[in-house]
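# Descriptive analysis of the structure
Here is how the chains run, residue by residue.
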Amino acid sequence: MNGPLPNPAAALLAWRPCSLSARLARVGIWVVLAYLLVAVVTGPLVALGWLPDPGSGLDQPIYAAPGWSHWCGTDRLGRDVCVRTLSGAGVALQVVLLALLLALVVGVPLGMLSGYLGGPVDRLLVLLMDTLYTLPVLLLSVVLAFLLGRGLPNAAAALCVVYIPQYFRVVRNQTASVKAELYVEAAQSLGAGPVWILRRYLFRNVITSVPVVLTLNAADAVLVLGGLGFLGLGLPDSVPEWGSDLQEALTALPTGIWWTALYPGLAMFVLVLGLSFLGEGLDAWVSRDGRS
Amino acid sequence: MSRRGRLARYLAGRALLAPVMLWLIATLVFLLLRVAPGDPVDALLGTRASAAARDALRQQLGLDRSLPVQYVEFLQGLVHADLGQSLVSARPVTQIVREVLPASLELGLAALLVALVLGLAAGFSGIARPEGRLDLAGRLYGIATYALPSFWAAMVLQLIFAVGLGWFPVGGRFPPTRVPPSGSGFYLLDGLLAGSWSTVTAALHHLTLPAVTLGLLLSGIFDNALRLNLRRALRSDYVEAARSRGLGEVRVVLRHALPNALLPVLTIAGITVASLIGGALLIENIFSWPGIALKLQEAINQRDYPLVQGIVVVVAALVVLVTLVVDVLVALLDPRLSF
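All figures in this text were calculated on a predicted structure; none of them were measured in a lab.

Attention now goes to the overall build of chain B. When helices and strands are tallied, chain B shows 13 helices and 0 strands. Overall, chain B shows an N-to-C arrangement of helices and strands of α-α-α-α-α-α-α-α-α-α-α-α-α. Here chain B holds 339 residues, and the buried ones make up 45% of them. Considering only contacts in chain B between residues 6 or more positions apart, those separated by 24 or more positions represent 70%. With the model as given, the accessible surface of chain B reaches about 16700 Å², and the carbon-plus-sulfur share is 66%. Separation of charge centres in chain B, based on 28 positive and 20 negative side chains, amounts to 9 Å.

What follows concerns the overall build of chain A. Regarding its fold elements, chain A presents 11 helices and 0 strands. Principal axes of the C-alpha set define a box for chain A whose edges measure 75 × 50 × 35 Å. Looking at chain A as a whole, 50% of its 292 residues qualify as buried. For chain A, the share of sequence-separated contacts (at least 6 apart) that also reach a separation of at least 24 residues comes to 70%. As presented, chain A carries roughly 13900 Å² of accessible surface, and 68% of it is formed by carbon and sulfur atoms.

It is worth spelling out the domain arrangement of chain B at this point. Residue and element names in this part refer to chain B. Examined at the domain level, chain B breaks down into domain 1 (18-82) and domain 2 (96-333). On a C-alpha basis, the centroid separation for the pair domain 1 and domain 2 is 35 Å. In this complex, domain 1 contributes 14 residues to the contact, which on the side of domain 2 involves 10 residues. Between domain 1 and domain 2 lies a buried interface of about 1100 Å² when both sides are counted; carbon and sulfur atoms form 84% of it. Three residues stand out in domain 1 for area buried against domain 2, namely Leu22, Val29 and Leu33, and they jointly supply 37% of the buried area on that side. Our count for the contact surface shared by domain 1 and domain 2 stands at 0 residue pairs in polar contact (both at pLDDT 80 or more). Counting only elements with at least two residues in the side of domain 1 that touches domain 2, the list comes to helix H1 (3-35), helix H2 (40-45) and helix H4 (67-79). Among the elements that take part in the side of domain 1 that touches domain 2, H1 stands out by supplying 9 residues, more than any other.

Any two side chains of opposite charge can pair if their charged atoms end up close together. All names here are of chain B. Counted by the stated rule, this structure contains 9 salt bridges over all chains. Between Glu298 and Lys295 there is a salt bridge; the shortest N-O distance is 3.5 Å. Pair noted here: Glu298 and Lys295 are both in helix H12 (residues 292-301), with a separation of 3 residues, about one helical turn.

Detailed reading of the predicted model is not advised wherever pLDDT is low. Residues and elements named next belong to chain B. For chain B, mean pLDDT is 81; residues scoring 70 or higher make up 95% of the total. H2 is the least confidently modelled element of chain B, averaging 70 in pLDDT, while helix H5 (residues 93-125) averages 87, the highest of any element. Across the assembled chains, the prediction reports ipTM 0.78 with pTM 0.82.

Here we come to helix H7 (residues 150-164) of chain B. For an α-helix, the turn length of 3.6 residues means that residues three or four places apart are oriented alike. Relative to the 21 Å expected for 15 residues at 1.5 Å per residue, H7(B) spans 20 Å between its end C-alpha atoms, a close match to the ideal helical length. When the local axis directions of H7(B) are compared, the greatest deviation, roughly 35°, occurs at Gln158(B).

Attention now moves to empty space enclosed by the protein. Residue and element names in this part refer to chain A. As enumerated under the stated definition, the model contains 5 cavities of 30 Å³ or more in all. Considered as a void within the structure, the largest cavity measures approximately 90 Å³ in volume. Every residue along the wall of the largest cavity is listed here: Tyr63, Asp75, Arg76, Val81, Arg84, Thr85, Asp245, Glu248, Ala249, Thr260 and Pro264. Elements supplying a minimum of two residues to the lining of the largest cavity: helix H3 (81-117), helix H10 (242-252) and helix H11 (259-291). Looking at side-chain class alone, the lining of the largest cavity contains 4 nonpolar, 2 polar and 5 charged residues.

It is worth spelling out the packing of H5(B) against helix H11 (residues 249-286) of chain B at this point. Residues and elements named next belong to chain B. For the pair H5 and H11, the least separation of the axes is 9 Å and the interaxial angle reads 140°. As the angle between them shows, H5 and H11 are arranged oblique. Where H5 crosses over H11, the handedness of that crossing is right-handed. Where H5 abuts H11, its residues Ser104, Leu107, Gly108, Ala111, Leu120 and Phe124 lie against Val253, Leu254, Leu258, Leu262, Val265, Leu276 and Glu284. For the contact of H5 with H11, the residue count by class is 10 nonpolar, 2 polar and 1 charged.

The next thing to look at is unusual backbone geometry. All names here are of chain B. Phi is positive for Ala81, which is not a glycine, with a value near 55°. With respect to the helices, strands and loops of the structure, Ala81 is situated in the loop between H4 and H5. The class of Ala81 is exposed, set by a relative accessible area of 53%. One non-glycine residue, Ser288, lies in the positive phi region at around 45°. Mapped onto the elements of the fold, Ser288 is located in the loop between H11 and H12. Looking at Ser288, the relative accessible area reads 41%, which means it is partly exposed.

To continue, consider the interface of chain A and chain B. Each partner contributes to the interface: chain A provides 46 residues, whereas chain B provides 45 residues. Between chain A and chain B, a total of about 4100 Å² is buried, with carbon and sulfur atoms accounting for 83% of that surface. Counting the surface chain A buries against chain B, the share from its top three residues, Leu20(A), Phe146(A) and Leu147(A), is 17%. At the boundary of chain A and chain B, one finds 1 salt bridge. Residue Glu280(A) is joined to Arg139(B) by a salt bridge in which the shortest nitrogen-to-oxygen separation is 3.6 Å. For the side of chain A that touches chain B, the secondary-structure elements that each account for two or more residues are helix H2 (20-48), helix H4 (119-134), helix H5 (137-148), helix H9 (210-230), H10 and H11 of chain A. Residues of the side of chain A that touches chain B, tallied by class, amount to 33 nonpolar, 10 polar and 3 charged.

Thresholds applied
Residues numbered from 1 in each chain as written. Chains lettered and ligands numbered in written order. Predicted model: local features only at pLDDT ≥ 70, side-chain atom pairs only at ≥ 80, totals over all residues. Heavy atoms only, no water. Helix = DSSP H or I, 4+ residues; strand = E, 2+ residues; numbered from the N terminus. Buried < 20%, exposed > 50% of the residue type's maximum accessible area, 1.4 Å probe, protein only. Contact = heavy atoms within 4.5 Å. Areas by Shrake-Rupley, 256 points an atom, 1.4 Å probe, with all protein chains shown as cover. Lys, Arg positive; Asp, Glu negative; His and termini not counted. Charge placed at Lys NZ, Arg CZ, Asp CG, Glu CD. Domains from an automatic or database assignment. Buried area = accessible area lost by both parts, 1.4 Å probe. Polar contact = N/O pair within 3.5 Å; in protein donor to acceptor, adjacent residues only side chain to side chain. Salt bridge = Lys/Arg side-chain N within 4 Å of Asp/Glu carboxyl O. pLDDT = per-residue confidence, 0-100. Expected span 1.5 Å × (residues − 1). Bend = angle between axes of the 7 residues up to and from the residue. 1 Å grid on protein atoms, 1.4 Å probe; cavity = no way out; pocket = protein on both sides within 12 Å on 5 of 7 lines; lining within 4 Å. Points joined across faces, edges and corners; volume = space filled by probe spheres on them. Nonpolar A, V, L, I, M, F, W, Y, C, P; charged D, E, K, R; others polar. Axes fitted to C-alpha atoms, helices over the stretch in contact; angles between N-to-C directions. Parallel < 35°, antiparallel > 145°, perpendicular 65-115°, else oblique. Left-handed = near helix turned anticlockwise from the far one by under 90°.

Encoded structure:
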């Protein structure tokens, strides 16, 4: 390719991939964009009255099968399953983004510091993070969500702790290897302080490996958030969340009411699938880049 | 130092690290449960209970003592395998855990077996033509099983096979009308030891659907691991050498590439145990499987702090132990590793 590209996002969409990973990544981008669009659009549409409110349904029939007035049927309280599923996209993306942002803010500086300093501090931090990493993801976040109570920031905090060790690991190992490079040594001999080196020389090199982990973690976080909701933890009842909707659907399932169970689960599945495709493609792209 | 000496040192270091990790986890759980907002006494009695009742409960929980004293007592208990007493049933936590653990282990082992068979078969499928149709199908299978929300998949399978077709029971571990076998707590094993065929079939009948669901969801991990490692092995020099000696492709794949590709899969199997427990947390709920995850959920709902603490410590110990065993096994099996 010649010359600078006008817009990286446009370039990504116009890009005609040939390998399998790249083709999957393309599908992933479209899926994630569609969910973002739904997340942005649903709120205003409900506010304008074009879509029914996901929380109210007392004047509507309960457990109505999918039909013209309710495309995906209604649930136990007569709430529209379609609108609840659409609103769930925004909720899930918000919590997951907040959680990963928190994990990045804590994990990346800790990892850089640990990798740069080395020695006993590094060893202690590595041991601590490895220990956290050993624990089952869902177990850790279930215990944290139990302790923190329900709420949007609480759920994000319960999720973020799970992902801090992953950023820490990636960034620490990368920092430790970049630190040995000649240009860092040159900067040190010219009298650059640790803060300057961390910011000028290490940060940019280290941050390249983060997007892959971020995308794959986003996929995982959607599942964990759903799991928390399913176990009655995480978000308050008033928030339309896929996991808690599925828990409600479980009780109705033996009577043959399938629509309350199908749509939230499907929405979750497709979002995680899209994010995984994207992450897998990014991974292949980054590792190919590294080889050449 | 010789490789043997280094290996011994690595194994010793690894074995010493396990208790340290366990201590860290136990401390973390201890602190979390005490630093967290909200008073367990409020949670158990409500805010309108009398001061005397609150003090009595506080004393019973040991919350009237200072934090360091509580911590020392907690660690002393841990060393003696004493995890305290459940608040709700007033029984020792270790006893409760011992009752529910076999059910979870049985489910976990069965799921792992299903995951290995399905995952390795899927991972092996694309070997003839990389980037071909079968390879694509295998990769999609790997990603899709990972992306499936476990509880949703379990609900769908339950709807189809238990509610719709009626092939399997909707939940539980044993027919409620019959007395479960006594002994180790592993119903399959107990049935086999007692020679009671009807016990074995009844236990299997209940085990199949949850185990297959959990196994299906975990098989993607094995699929991906085997696919990546097999491809790497097939590009390596020793495979090239084997081919140039005129060996058949089947022999090259099965005898030269596969053993090397399977070793990393063992490591993955160790890591999977953590996901297995996470998945079980939800699967046990859906299939009312009376294991440790269902107990944990019950303890959380009843705000039974000592039981939550005990279960988390036991599960963490299990994970640390399995990771240790797998690391040691890989170190012993793989002569290429250097330490």
